[in-house]
Amino acid sequence: QVQLVESGGGSVQAGGSLKLSCRASGYIFSWCGMGWYRQTPGKERELVSTITSDGITTYVDSVKGRFTISRDNSKNLLSLQMNSLNTEDTAVYYCAVYARGSMAHIAGWGQGTQVTVSS
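Residues numbered from 1 in each chain as written. Predicted model: local features only at pLDDT ≥ 70, side-chain atom pairs only at ≥ 80, totals over all residues. Heavy atoms only, no water.

## Some thoughts on the side chain of S102
Part 1 of the argument: Within the secondary structure, S102 is located in the loop between β9 (91-98) and β10 (106-109).
Part 2 of the argument: Looking at S102, the relative accessible area reads 17%, which means it is buried.
Part 3 of the argument: One polar contact links the side chain of S102 to the main-chain amide nitrogen of A104, over a distance of 3.0 Å.
Part 4 of the argument: Of note is the side chain of S102, whose polar atom sits 3.2 Å from the side chain of H105. (Helix = DSSP H or I, 4+ residues; strand = E, 2+ residues; numbered from the N terminus. Buried < 20%, exposed > 50% of the residue type's maximum accessible area, 1.4 Å probe, protein only. Polar contact = N/O pair within 3.5 Å; in protein donor to acceptor, adjacent residues only side chain to side chain.)

Okay, structure coming up:
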């Protein structure tokens, strides 16, 4: 079965950087698109960035130029490099895997990792 395990969250001051990782297992990683989402209390989960199986990336406007999504198919690893963090980036970050051939249907979620940015 699909398993996604995030790591790399923590606390950082505004302007700092963090790198999140998501280790995947239970499916053929290279076949599927992946995404990073985030959620704050009382709000809906928000899509942050996606990467297709071919490496095509997208970003929500608020993180463009600051965040970089990447994948290492040899290690079944998804990453999110986050630079120039601000307090509005504070959230629980989740990685997600999309069903093969679709970037619309999520096949699994990680457990989430907390990112806290202080001013």
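## Observations regarding the layout of surface pockets
Part 1 of the argument: Size it by volume and the largest pocket reaches roughly 190 Å³.
Part 2 of the argument: Taken together, 13 residues line the largest pocket, and the ones lying closest to its centre are R38, T40, K43, E46 and E88.
Part 3 of the argument: Partitioning the lining of the largest pocket into residue classes produces 1 nonpolar, 5 polar and 7 charged. (1 Å grid on protein atoms, 1.4 Å probe; cavity = no way out; pocket = protein on both sides within 12 Å on 5 of 7 lines; lining within 4 Å. Points joined across faces, edges and corners; volume = space filled by probe spheres on them. Nonpolar A, V, L, I, M, F, W, Y, C, P; charged D, E, K, R; others polar.)

## Focus on the pairing of β9
Part 1 of the argument: Taken across its 8 residues, β9 has 7 buried, putting it largely inside the fold.
Part 2 of the argument: Note that strand β4 (residues 34-39) and β9 share 6 bridges and pair antiparallel. Residue pairing in the sheet places M34 in a bridge with V97 of β9.
Part 3 of the argument: Pairing of β9 with strand β11 (residues 113-118), which is carried by 3 bridges, proceeds in the antiparallel orientation. In the sheet register, Y93 faces β11, and the bridge partner there is T113.
Part 4 of the argument: As paired strands, β9 and β10 are joined by 3 bridges and run antiparallel to one another. Paired with A96 across the bridge in β10 is W109. (Pairing = 2+ DSSP bridges.)

## A few points about the pattern of salt bridges
Part 1 of the argument: For the structure on display, the rule yields 4 salt bridges.
Part 2 of the argument: D61 is the partner of K64 in a salt bridge, and the nearest nitrogen-oxygen pair spans 3.0 Å.
Part 3 of the argument: Notably, a salt bridge pairs D89 with R66, separated by 2.8 Å at the nearest N-O pair. You can see D89 sitting in the loop between β8 (77-82) and β9 and its partner R66 sitting in the loop between β6 (57-59) and β7 (67-72), a full 23 residues away along the chain.
Part 4 of the argument: What you see here is one network of salt bridges that share partners, running through R38, E46, R66 and D89. (Salt bridge = Lys/Arg side-chain N within 4 Å of Asp/Glu carboxyl O.)

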